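The primary structure of each chain is shown beneath.
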Amino acid sequence: MTSLTQRSSGLVQRRTEASRSSAADKDRGTGDEDFETRRRGGGGEEEEEEEDKADSKETRLTLMEEVLLLGLKDREVICKSDAPTGDVLLDEALKHVKETQPPETVQSWIELLSGETWNPLKLHYQLRNVRERLAKNLVEKGVLTTEKQNFLLFDMTTHPLTNNNIKQRLIKRVQEAVLEKWVNDPHRMDKRLLALIFLAHSSDVLENAFSPLLDDQYDLAMKRVRQLLDLEPEGESTKTNANELLWAVVAAFTK
């Protein structure tokens, strides 16, 4: 769990970034009325079309890679399809799910795959070196690079960000989901983006996406995130067209 000092530091960083950008934002107007005007103003459709074109051309990242990039952080599960997904980590996890009988619950799989189990006979389920493997994937996609840094008596491999445009687009998507494009209904939100918000919060990296915002925008974003976190997963999973597995994972992470 993040310490109080770390959270305080993050808050200072957010306010510093907000202060730096406040001068530019004054020209566009401040307050709820101006914010709504900007959100509904002209040019919105053209901007969305341009963003859609950019998204279609940019490097496709997996959900776990997006969570890692932001951090630069009881139902039975049955494998319905054993077709490879193309994602090594996901395929490895699905292989465990398919070959395990009787089926485990979502909560159990999260504990097993993360290595948070007290059963020594099930330690082989743990996915190894997840962060490093995700980082290497991002290096191959041109988002990160690999460097060697010397720390006293040993060298350490690091992966600095090399393509900031992709990260900024990701941050913008997360911000817009709870600000300009907020729909006030989780079942009308993009399922992948909804999952990203929950996973980023559980990984303690969601605030990284909101730190550049001004105070009023930050407060509104966090208020709407809290609305999502306060939802009852069991009840949401029974609604029409609900993704039961998504809400089962949410229940496991937010309990």
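Right, let's walk through the structure included here. Small disclaimer: the values here were computed from a predicted structure and weren't measured.

Moving on, we get to the overall build of the protein chain. The helix and strand tally for the protein chain stands at 13 helices and two strands. Residues classed as buried in the protein chain amount to 33% of the 255 residues present. Of the roughly 16,300 Å² of accessible surface on the protein chain, 50% is carried by carbon and sulfur atoms.

The next thing to look at is the packing of aromatic side chains. Applying the stated criterion across every chain yields a total of two aromatic pairs. Both rings, one in tryptophan 109 and one in tyrosine 125, keep their centres 5.3 Å apart while their planes meet at 85 degrees; by these two values the pair is edge-to-face. Taken together, the residues tryptophan 109 in helix 6 (residues 106–114) and tyrosine 125 in the loop between helix 6 and helix 7 (130–140) connect sequence positions 16 residues apart. There is no split in this pair, since tryptophan 109 and tyrosine 125 are both buried. Relative to tryptophan 247, the ring of phenylalanine 198 lies with its centre 6.0 Å away and its plane at 70 degrees, an arrangement referred to as edge-to-face. In this pair, phenylalanine 198 is assigned in helix 9 (residues 191–202) and tryptophan 247 in helix 13 (residues 244–254), connecting sequence segments 49 residues apart. The burial state of phenylalanine 198 is the same as that of tryptophan 247; both residues are buried.

With that out of the way, let us pick up helix 7. Each full turn of the α-helix corresponds to 3.6 residues, which orients residues three or four apart in the same direction. For helix 7, the complete set of buried residues consists of Leu134, Ala135 and Leu138. An end-on view of helix 7 places all buried positions within 100 degrees of arc, on one side of the element. Count one or two residues on from helix 7 and you reach glycine 142, which has phi positive near 80 degrees.

About the thresholds
In every chain, residue numbers begin from 1 and rise along the written sequence. With pLDDT at 70 or above as the cut-off, local features in this predicted model cover only qualifying residues; side-chain atom pairs require 80 or more to be listed or tallied, and sums for whole chains, interfaces and linings still use all residues. Side-chain measures here rest on the full set of heavy atoms in the structure, leaving out hydrogens and waters. In this description a helix means any DSSP run of H or I spanning at least four residues, a strand means any run of E spanning at least two, and both kinds are numbered starting from the N terminus. Partly exposed describes any residue whose relative accessible area lies between the buried limit of under 20% and the exposed limit of over 50%, with all areas from a 1.4 Å probe on protein chains only and scaled to the type maximum. Note that accessible areas follow from Shrake-Rupley with a 1.4 Å probe, and for residues the cover is restricted to the protein chains shown. Only Phe, Tyr and Trp rings take part, Trp by its six-membered ring, and two of them pair if their centres are within 6.5 Å. Stacked means planes under 30 degrees apart, edge-to-face means over 60, and tilted covers everything else. The reported arc concerns the directions from the helix axis to the C-beta atoms and nothing else.

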